[in-house]
Amino acid sequence: MGKHKITKTEKRVLERLIFPEKFQDILEETGLLQGELRDDLINLLSFGFVEAYERSGNKIALTSFYDTDNLQDFTFQATSKGLTEIKSN
(Lines give C-alpha, C1' and ligand atoms only; values in the text may rest on other atoms or scores of the structure.)
Protein backbone atom coordinates (compact mmCIF):
# COMPACT_ATOMS: atom_id res chain seq x y z
CA MET A 1 0.00 0.00 0.00
CA GLY A 2 1.40 3.39 -0.98
CA LYS A 3 1.81 6.40 1.26
CA HIS A 4 -1.48 8.12 2.00
CA LYS A 5 -1.51 11.92 1.78
CA ILE A 6 -3.90 13.06 4.48
CA THR A 7 -6.55 15.65 3.75
CA LYS A 8 -7.05 18.86 5.70
CA THR A 9 -10.00 17.41 7.57
CA GLU A 10 -8.15 14.17 8.37
CA LYS A 11 -5.31 16.29 9.77
CA ARG A 12 -7.82 18.27 11.85
CA VAL A 13 -9.15 14.97 13.27
CA LEU A 14 -5.65 13.58 13.95
CA GLU A 15 -4.64 16.74 15.80
CA ARG A 16 -7.46 16.10 18.29
CA LEU A 17 -6.43 12.49 18.94
CA ILE A 18 -3.25 12.85 20.95
CA PHE A 19 -5.29 11.45 23.84
CA PRO A 20 -8.26 9.08 23.53
CA GLU A 21 -11.38 10.94 22.39
CA LYS A 22 -14.99 9.89 22.00
CA PHE A 23 -16.61 10.24 18.57
CA GLN A 24 -19.01 12.92 19.81
CA ASP A 25 -16.18 15.00 21.29
CA ILE A 26 -14.22 14.82 18.03
CA LEU A 27 -17.36 15.83 16.14
CA GLU A 28 -17.86 18.91 18.32
CA GLU A 29 -14.18 19.91 18.33
CA THR A 30 -13.67 19.61 14.56
CA GLY A 31 -17.00 21.07 13.44
CA LEU A 32 -17.29 18.33 10.81
CA LEU A 33 -20.57 16.75 9.81
CA GLN A 34 -21.15 13.25 11.20
CA GLY A 35 -20.69 11.62 7.77
CA GLU A 36 -17.49 13.57 7.10
CA LEU A 37 -16.01 12.53 10.43
CA ARG A 38 -17.06 8.92 9.85
CA ASP A 39 -15.34 8.87 6.45
CA ASP A 40 -12.18 10.51 7.80
CA LEU A 41 -11.96 8.09 10.73
CA ILE A 42 -12.44 5.07 8.44
CA ASN A 43 -9.59 6.34 6.23
CA LEU A 44 -7.34 7.07 9.21
CA LEU A 45 -8.07 3.65 10.72
CA SER A 46 -7.36 1.85 7.44
CA PHE A 47 -3.99 3.58 7.04
CA GLY A 48 -2.97 2.83 10.63
CA PHE A 49 -2.97 6.48 11.73
CA VAL A 50 -5.69 5.93 14.36
CA GLU A 51 -6.70 3.08 16.66
CA ALA A 52 -10.22 2.31 17.90
CA TYR A 53 -11.03 1.52 21.52
CA GLU A 54 -14.13 0.05 23.12
CA ARG A 55 -15.48 1.79 26.19
CA SER A 56 -16.71 -0.06 29.23
CA GLY A 57 -17.59 2.32 32.03
CA ASN A 58 -14.45 4.36 32.72
CA LYS A 59 -12.14 1.85 31.01
CA ILE A 60 -11.17 1.64 27.36
CA ALA A 61 -9.60 -1.31 25.56
CA LEU A 62 -7.97 -1.46 22.14
CA THR A 63 -10.07 -3.28 19.57
CA SER A 64 -9.36 -4.38 16.03
CA PHE A 65 -13.08 -4.92 15.46
CA TYR A 66 -15.20 -1.80 15.08
CA ASP A 67 -18.55 -1.23 13.44
CA THR A 68 -18.19 1.45 10.77
CA ASP A 69 -21.94 2.09 10.97
CA ASN A 70 -21.68 2.81 14.70
CA LEU A 71 -18.39 4.65 15.16
CA GLN A 72 -20.10 6.84 17.76
CA ASP A 73 -19.80 3.84 20.12
CA PHE A 74 -15.99 3.95 20.06
CA THR A 75 -13.09 6.04 21.31
CA PHE A 76 -10.16 6.92 19.06
CA GLN A 77 -6.51 7.80 19.51
CA ALA A 78 -3.74 8.59 17.04
CA THR A 79 -0.99 6.01 16.66
CA SER A 80 2.68 6.93 16.61
CA LYS A 81 2.43 6.63 12.81
CA GLY A 82 -0.45 9.13 12.85
CA LEU A 83 1.39 11.56 15.10
CA THR A 84 4.43 11.38 12.84
CA GLU A 85 2.17 12.10 9.87
CA ILE A 86 0.79 15.33 11.35
CA LYS A 87 4.28 16.47 12.36
CA SER A 88 5.55 15.96 8.81
CA ASN A 89 2.73 18.03 7.23
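Predicted model, so just to flag it, every value in this text is computed and none were measured. (Residues numbered from 1 in each chain as written. Predicted model: local features only at pLDDT ≥ 70, side-chain atom pairs only at ≥ 80, totals over all residues. Heavy atoms only, no water.)

Section: the pattern of salt bridges
Following the criterion strictly, the structure yields three salt bridges and no others. Linking Glu 15 and Arg 16 is a salt bridge whose minimum nitrogen-to-oxygen distance equals 4.0 Å. Arg 38 is the salt-bridge partner of Asp 39, the closest N and O atoms lying 3.3 Å from each other. Overall, the relative accessible area of 28% leaves Arg 38 in the partly exposed class. Put simply, Arg 38, Asp 39 and Asp 69 are held in one network by salt bridges that share partners. (Salt bridge = Lys/Arg side-chain N within 4 Å of Asp/Glu carboxyl O. Buried < 20%, exposed > 50% of the residue type's maximum accessible area, 1.4 Å probe, protein only.)

A word on helix H3 (residues 34–46)
With 13 residues, H3 extends 18 Å from end C-alpha to end C-alpha; this agrees with the ideal 18 Å at 1.5 Å per step. All of the buried residues in H3 are Leu 37, Asp 40, Leu 41, Leu 44 and Leu 45. The buried residues of H3 occupy an angular sector of 130° when the element is viewed end-on, so they sit on one face. Summarising the contacts, the buried residues of H3 are in contact with helix H1 (8–15), helix H2 (23–30), strand E2 (50–56) and strand E4 (74–78). Taken from the residues just after H3, Gly 48 is the one with a positive phi, measuring 75°. (Helix = DSSP H or I, 4+ residues; strand = E, 2+ residues; numbered from the N terminus. Expected span 1.5 Å × (residues − 1). Arc of directions from axis to C-beta. Contact = heavy atoms within 4.5 Å.)

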